Amino acid sequence: MSRTIYVSVLASVLLVSGLWHVVVPGLTDHWMKNVRIVRAVGAVLLALSIPSLAWRGWYFRTLLLALAVSGTWRVCFPQNSIRLQRAIYPRRVHGILLIGGAIFVWALRP
């Protein structure tokens with residue numbers, strides 16, 4: 001039961017975040033230029049990775065790795081995160097990637 005709730009929460013967070021990036025990319029870009037907000041997002045990602053430590057298997061290890069790396073990068077190197085994401089692709093593309101991540105998290109759930 002707790003695994004189902006965890007996967008549902010994670011997929012929902014990714015979906016809502018992705019939709020926000022797609023619908024209001026200008027506002028998202030404005031917020032995500034702020035180092036404090038980027039660090040806070042990183043902390044949330046790290047917090048979301050913690051439950052994956054309790055369960056075994058490739059699915060939860062993959063979630064743990066992806067969330068922990070992404071969260072650590074944002075917490076420790078927020079300026080690099082801001083610069084790299086703005087240089088590689090627009091916010092809408094990042095939103096589409098987040099929506100795709102939400103779909104994969106939900107579709108591949110154990």
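Remember, predicted model here, so these are calculated numbers, not experimental data. (Residues numbered from 1 in each chain as written. Predicted model: local features only at pLDDT ≥ 70, side-chain atom pairs only at ≥ 80, totals over all residues. Heavy atoms only, no water.)

Undergrad: So what exactly am I meant to see when it comes to the environment of Tyr89 here?
TA: Inspection of the secondary structure assignment puts Tyr89 in the loop between α5 (78-88) and α6 (91-107). Once residues lying within four places of it in the same chain are set aside, the contact partners of Tyr89 are His94 and Leu97. Side-chain polar atoms of Tyr89 contact the side chain of His94, separated by 3.1 Å. (Helix = DSSP H or I, 4+ residues; strand = E, 2+ residues; numbered from the N terminus. Contact = heavy atoms within 4.5 Å. Polar contact = N/O pair within 3.5 Å; in protein donor to acceptor, adjacent residues only side chain to side chain.)

Undergrad: It is not clear to me how the pattern of salt bridges should be interpreted in this structure. Could you clarify?
TA: Within this structure, the stated rule accounts for two salt bridges. With a closest N to O distance of 3.1 Å, Asp29 and Arg86 form a salt bridge. Of the two residues, Asp29 is situated in helix α2 (residues 25-31) and Arg86 in helix α5; the sequence distance between them amounts to 57 residues. Arg86 sits in the partly exposed class, given a relative accessible area of 45%. Arg91 is paired through a salt bridge with Asp29; the nearest N and O atoms lie 3.4 Å apart. Placement of Arg91 in helix α6 and of Asp29 in helix α2 is noted, with a sequence separation of 62 residues between them. Linked through salt bridges whose partners overlap, the residues forming this network are Asp29, Arg86 and Arg91. (Salt bridge = Lys/Arg side-chain N within 4 Å of Asp/Glu carboxyl O. Buried < 20%, exposed > 50% of the residue type's maximum accessible area, 1.4 Å probe, protein only.)

Undergrad: I keep staring at the packing of aromatic side chains and nothing clicks. Help me out?
TA: By the definition in use, this model includes six aromatic pairs. With centroids separated by 5.0 Å and ring planes inclined at 45°, the aromatic side chains of Trp55 and Phe60 adopt a geometry described as tilted. Grouping residues by exposure puts Trp55 and Phe60 together as buried. When the centroid spacing of 5.1 Å and the interplanar angle of 90° are considered together, the rings of Tyr59 and Phe60 count as edge-to-face. (Phe/Tyr/Trp six-rings, centres within 6.5 Å; stacked < 30°, edge-to-face > 60°.)

Undergrad: Sorry if this is basic, but what is going on with the nonpolar core here?
TA: Note that soluble globular proteins tend to have their nonpolar side chains buried in a common cluster. Grouped together as the largest cluster of nonpolar side chains are 15 residues, with contacts concentrated most on Tyr6, Leu10, Phe60, Leu63 and Val105. Those elements that place two or more of their residues in this core are α1 (2-23), α3 (35-49), α4 (58-76) and α6. The leading source of residues in this core is α1, at five residues. If near-sequence neighbours (up to four positions away) are discounted, Phe60 is found in contact with Arg3, Tyr6, Val7, Ser52, Trp55 and Pro110. (Core = buried A, V, L, I, M, F, W, Y, C linked by side-chain atoms within 4.5 Å.)

Everything listed here is a matter of coordinates, which is why it stays silent on function.
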